[in-house]
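Examining the three-dimensional arrangement
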Amino acid sequence: MSEQDTIVAEDAGRDVYDELPDAPPKSRLRLSWVGKVSAAVVALWIFLALFGPWIAPYHEAFFIEEDAAGNYFDDPSFMLPDASVSAYLGTDYLGRDVLSRIIWGARTTIGISFAATLLAYFVGITLGIAAAVAGRLTDAVLSRIVDAILAFPNIMLGLIIIAAFGSSIPLLIGLAGLVYAASVFRIARALGQDIMVQDFVEAARARGEGLWWIITREILPNAAMPLATDFGLRLVFVILFISSLSFLGLGVQPPISDWGSMVRENMQGLGNGLSGGALASITPAIAIATLTIAINLIVDDISAHAGGSLAKKMV
Amino acid sequence: MTDTSNEPANVLEVHDLMIEARPHGAPPIPIVKGVSFDVKPGQVVALIGESGSGKTTISLAALGYTKPGLHFSGGEVLLQGEDMELVSDERKRQLRGENVAYLAQSAAATFNPALKIGEQVTESAVLHGAMTQEAATQRAEELYRALELPDPDRIGGRYPHQVSGGQLQRLMAAMALVSRPSLLVLDEPTTALDVTTQIEVLKAFKKVIQEEGSAAIYVTHDLAVVAQIADHIVVLYGGKVMEQGSAEQIVTNPQHSYTKRLMAAVRPSPVAGLGDSMAGDHLRDVPALEVRDVTAGYGKGADGKPLITVLRDVNVTIERGHVVGIIGESGCGKSTLARVMAGLLPASEGEVLLDGHALPPSVKERKREDLQLVQFVFQMADTALNPKQRIGDIIGRPLQFYHNVHGRELREEVRRILDLVELPAVFADRFPAELSGGQKQRVNLARALAARPEVLLCDEVTSALDTIVGANVIELLKNLRDKTGVSFVFISHDLSTVASFADEVVVLYAGRVVEKGPVDQVLSPPFHPYTRLLIASVPELRVGWLEETMQTREALAGIARGVTLTDVGCPFFDRCPVAIEGTCDKLTPPTREDQSGHGHYIECHREVVELGGAGATAPA
Amino acid sequence: MMWNMVLRRIGVGIVLLWVVSVLIFALTQILPGDAAQIRLGQQATPESLAALRKDLGLDKPWYIQYVTWIGNLITGDLGISNAGGATISSLIGNRIGNTVFMTAIVTLIAVPLSVVLGLLAAMYPGRLLDRIITSGTLGLIAVPDFFVAIFLILFLAVQLGLVPAVSYLSGTESFWKSIYVLALPIGTLVIVVSAQMIRMTRAGILNVMSSPYIEMAILKGVPRKRIILRHALFNAIGPIVNVIALNLAYLVSGVVVIETIFAYPGLAKLMVDGVQTRDIPLVQACGMIFCSTYVVLILIADIASIMSNPRLRHPK
């Protein structure tokens, strides 16, 4: 090598060459347009679940009569103040307004599912974190119980328990809560164990921090985001679970309207085709699908933002 | 810059190369900003730089490859005249493996766990139609021999997890060399290895590259390594070339201020007289921290002893205001010792004394005042700082917890501590993710200092940092020692770092203290054979060091051998050039004191006098 | 090492089966009124109740009853249905073949279909085919099984009249005729089960594809096809077998809804009818069959992932 080979770049002086900055701070969460549409759909259903009874044209148990020409008679005494005269989505097998029943049903379906998911989360996270932190005996006992619950296919457990106790709304909430608490337990425990072995938790232990501090300040803030995303997925599973039971005639009992039961009640109408009575069965099914797909898309969007690591954990 | 026309054509010419990252929905970020250099046949060109310099990205460009998310945005990369940015995918596939081959940093990750080593080594050559399977297998076996791999006939039939890390690294070299490429790209191939393994692998690489006559790009952050292997050095910073020239010239006479700064940050090789030893000062009647006859490990056996014993009968004394360095290769028990001191891992036997009184073994049983006085600083600041807490809260917590400081006073104190570790006060409101690696490590130190400890346990605090950043952290530690009078236990696998900072050194091998004493004593003869091996293995920043070192008895006997944990005898027995058959493998070695009277102890069956003379080729 | 883990896992499976049987048995103990009471109704005289109890062994302590029940279960004597008094084993015997037939056909179609589609999607991530497959399956896993079923009924059976909407088998049909009659339930189950399997197969392969050894293979100039088939698939095979077993376990649930919709005379329909009439012995027997199948499939999934780990298969 000759000296001519040496090339020296323009020199900016000694003190400029400090450590290069790390990766830029994370950008804030922005939903894609799909995510935004989905969020709007979910918001609409939540709105209807909250205020449906005041918006729906008819009461869920109200029978509209139909004359030979297909016009509806309205009995003003049963009508709600602002009710529209026509049934936009037709009537069901008993002559009730399908649109109204879907709006009322939003309250039942979403209400039960949400309550059950909350229950599952409360129980699952409490016990899951407890198992991760307490270790050994507590963990072993809780994990074995959860294994036993998860040894039943969800729907089987539902069938067996409903066979024994009959179906009611509190039972459905408790049942779905219990079934899904088991899977939330597994996730919370795994997250808790992952975080427990992190150096910052070790640092807190070395400092002499108590268990309460470690759980509330070190573990939970770091588990919050993955758990929140998982809540969406879990909610979808619970909606599907409750709807399936209702569809089997083992969930919400008449005359309360509920999307799953509505599909079943009007199955006969399918035979008349789209122009006949099929709408009464199809529309509640579509209602379920819009809600669950929208929630799934939002979760997908968020986990794509989190670099897919979340999605991997939850497949 | 351009060579005269009668020289052979360059293997690789990189002209004004530009590569940028194109993140979703954001403007592109330039990563490589106009880099030019050439690689001549048979020449080894080193790309040297710290993280973010773009060195790996540039080296991959030689294969026409960019990591996901990165794109070529300008310039050309001519591999034997073909522009790797433009050639078709099919042609690229032919050139890769055939004309240019890649060696990655971690062989453990780059070998497919489900396929046999032999298949992976020969795959490229066979697929490209360069050789038949038999010819390729035979060639691979020759390479295994050349690379001094054990059992060359059969190692190809094994799976990657069945061989050691150093061996895998060499097997990867075989994989790259099978089809005799004209250019090798080596990406930090020795960084993940222990020093003693590193020189063995380096030597093998150098030998093979010379024999095969292929040109190479060698990517690294370590100037001392580069000096051993490179002909030409390209110094990179922030995606630009700062300086390039012959290895000799860059090492002996750097021109650019960045290169000079990089050189200054490289710690000189460990010889006596380096450390600003404070032995004799600060001495009081009781040591700050003392470890007595400690045995510890993981798991719990039936008899109350650990299932895997990591430390055996360890005695260490930390005097007030002193820095005690603990060194040894990975797996020797350094970190375990620190964890025993902190109470994170209760010792199964022996005790830990603070200011002369025995501490309960487990952190759970220790009193808050005792915990406050011994603080642990974790190796990886990335994981040691809770990502969901602000820097101010992280540093403020020990103040609240141990000293009941609150409100305004707390904020003032956090500010003062940030100042102590040379960080601006505005950092108090930031989250760890908004800081660079070096800054995070300073916060990590600040949190420990906030407790106002007597002893700070620093576990490899500089090993994850870049050279210059690491050197700055060491400077900071020296300042802190002088300002606060805190005692340090400084754990490192890097002998040079320890030598420049510690007052006393403890050498651990396989969970035993094999030598300890004031740093000057330990670094000058007589040596424990293991200490000698360690010293001999640290690369020196001069050309030609590698060849000299490989001839020493230590190197021949001890390099690239696994550590065996034994219950009986001296654990270093099988790597020791002066082992006494029948004694060293049967009996636990006695502790001998050096004549100097400075508290220099060596645990060896050989007499101190013998050790002073043994292994005549001591490093310069 | 590996065999130890497999044996251990089998041990755990056996324990789980036992726990399941205890829990299912416990139902009879929790319920108000026992089998005798239910069978004879409210008007039964105490004498006839006592006689029947003695006859059924209900006067014995619960653990004796459990052992008897388990013993009967294993020997195939499943007791007498509350409704109608037919033996449960004859009821189940008539139905179980139908369910096995249908799920076998579903498995034969769904497994290869899913692996191929998952593989195709993973080979060209981000391309049109992948986008269609991923968004399609995302939609499908989010909707209830009956959603797919009623749309298939509406369009294929009612609007187009291609296949029958109700799947009644008399038992005398030829194989192809049976398939024709069962087209809709089989189609529904294939769609529902495959959606999940395709996603997991794709995720499994992509996960492997992002590992450093795949990057190394690219840098060695290995052709894409070989990278997928030799490097990636070899490592993904364990996870894929795992996915298949898990989803076949999921079939156990899917079959419940589907048999009900199509009024298919299978075991699941029998069980759902049993739940509606609160025929506990029948529900217990069917529940035991379904849950055991489920536990065994999950066991197979676990063993598959243990066996596919090269570190365990080839110890040092």
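The structure under discussion appears in the preceding block.
So, a few notes on the structure that sits alongside this text. (Residues numbered from 1 in each chain as written. Chains lettered and ligands numbered in written order. Predicted model: local features only at pLDDT ≥ 70, side-chain atom pairs only at ≥ 80, totals over all residues. Heavy atoms only, no water.)

Re empty space enclosed by the protein
Following the criterion strictly, the structure yields 10 cavities of 30 Å³ or more and no others. Size it by volume and the second largest cavity reaches roughly 80 Å³. In this structure, the second largest cavity is lined by Ala203, Ala206 and Arg207 of chain A together with Gln375, Phe376, Phe378, Pro398, Asn444, Arg447 and Ala448 of chain B. Breaking the lining of the second largest cavity down by element, the ones donating at least two residues are helix H6 (199-207) of chain A together with strand E16 (374-377) and helix H16 (437-450) of chain B. Looking at the lining of the second largest cavity residue by residue, the classes come out as six nonpolar, two polar and two charged. (1 Å grid on protein atoms, 1.4 Å probe; cavity = no way out; pocket = protein on both sides within 12 Å on 5 of 7 lines; lining within 4 Å. Points joined across faces, edges and corners; volume = space filled by probe spheres on them. Helix = DSSP H or I, 4+ residues; strand = E, 2+ residues; numbered from the N terminus. Nonpolar A, V, L, I, M, F, W, Y, C, P; charged D, E, K, R; others polar.)

A word on the nonpolar core
Counting 168 residues, the largest nonpolar core has Trp45, Leu159 and Trp259 of chain A together with Ile261 of chain C as the members making the most contacts within it. No other element matches helix H7 (residues 211-247) of chain A, which puts 17 residues into this core. Ranked by size, the runner-up nonpolar core spans 100 residues in total, among them Met131, Leu223 and Ala227 of chain B together with Leu219 of chain C. (Core = buried A, V, L, I, M, F, W, Y, C linked by side-chain atoms within 4.5 Å. Buried < 20%, exposed > 50% of the residue type's maximum accessible area, 1.4 Å probe, protein only.)

A word on helix H5 (residues 169-196) of chain A
For H5 of chain A, spanning 28 residues, the distance from its first C-alpha to its last is 38 Å, which sits close to the expected 40 Å at 1.5 Å a residue. Its axis deflected by about 30 degrees at Ala181 of chain A, H5 of chain A carries its strongest bend there. (Expected span 1.5 Å × (residues − 1). Bend = angle between axes of the 7 residues up to and from the residue.)

Comments concerning unusual backbone geometry
Residues and elements named next belong to chain B. You will see that Asp151, though not glycine, has its phi angle at about 55 degrees, which is positive. With respect to the element layout, Asp151 can be found in the loop between helix H5 (133-146) and helix H6 (165-177). Taking the relative accessible area as the measure of exposure, Asp151 reaches 37% and is therefore partly exposed. Residue Asp313 is not a glycine yet carries a positive backbone phi of 45 degrees. By the element assignment, Asp313 lies in strand E12 (residues 308-318).

Observations concerning the packing of helix H2 (residues 98-134) of chain A against helix H3 (residues 136-150) of chain A
Residues and elements named next belong to chain A. Viewed as axis vectors pointing N to C, H2 and H3 meet at an angle of 140 degrees, and their least axial separation amounts to 7 Å. Of the two possible hands of crossing, H2 and H3 adopt the one that is left-handed. Between H2 and H3, the residues in contact are Leu127, Ala131 and Ala134 and Arg136, Thr138, Asp139 and Leu142, respectively. Class assignment for the residues of the contact of H2 with H3 results in four nonpolar, one polar and two charged. (Axes fitted to C-alpha atoms, helices over the stretch in contact; angles between N-to-C directions. Left-handed = near helix turned anticlockwise from the far one by under 90°. Contact = heavy atoms within 4.5 Å.)

Considering the side chain of Arg170 of chain B
Following the sequence through the fold, Arg170 of chain B ends up in helix H6. In this structure Arg170 of chain B comes out as buried when scored by relative accessible area, which is 4%.

Thoughts on the interface of chain B and chain C
Taken residue by residue, the interface counts 25 residues in chain B and 20 residues in chain C. Taken together, both faces of the contact between chain B and chain C bury some 2,400 Å²; the carbon and sulfur share is 60%. On inspection of chain B and its partner chain C, the count reaches five salt bridges. In this structure, the salt-bridge partner of Glu123 of chain B is Lys220 of chain C, at a minimum N-O distance of 3.0 Å. Where chain B meets chain C, there are 14 residue pairs in polar contact (both at pLDDT 80 or more). The set of elements that each furnish at least two residues to the side of chain B that touches chain C consists of helix H2 (89-98), helix H3 (107-110) and helix H4 (117-127) of chain B. The element that contributes the greatest number of residues to the side of chain B that touches chain C is H4 of chain B, accounting for five residues. (Buried area = accessible area lost by both parts, 1.4 Å probe. Salt bridge = Lys/Arg side-chain N within 4 Å of Asp/Glu carboxyl O. Polar contact = N/O pair within 3.5 Å; in protein donor to acceptor, adjacent residues only side chain to side chain.)

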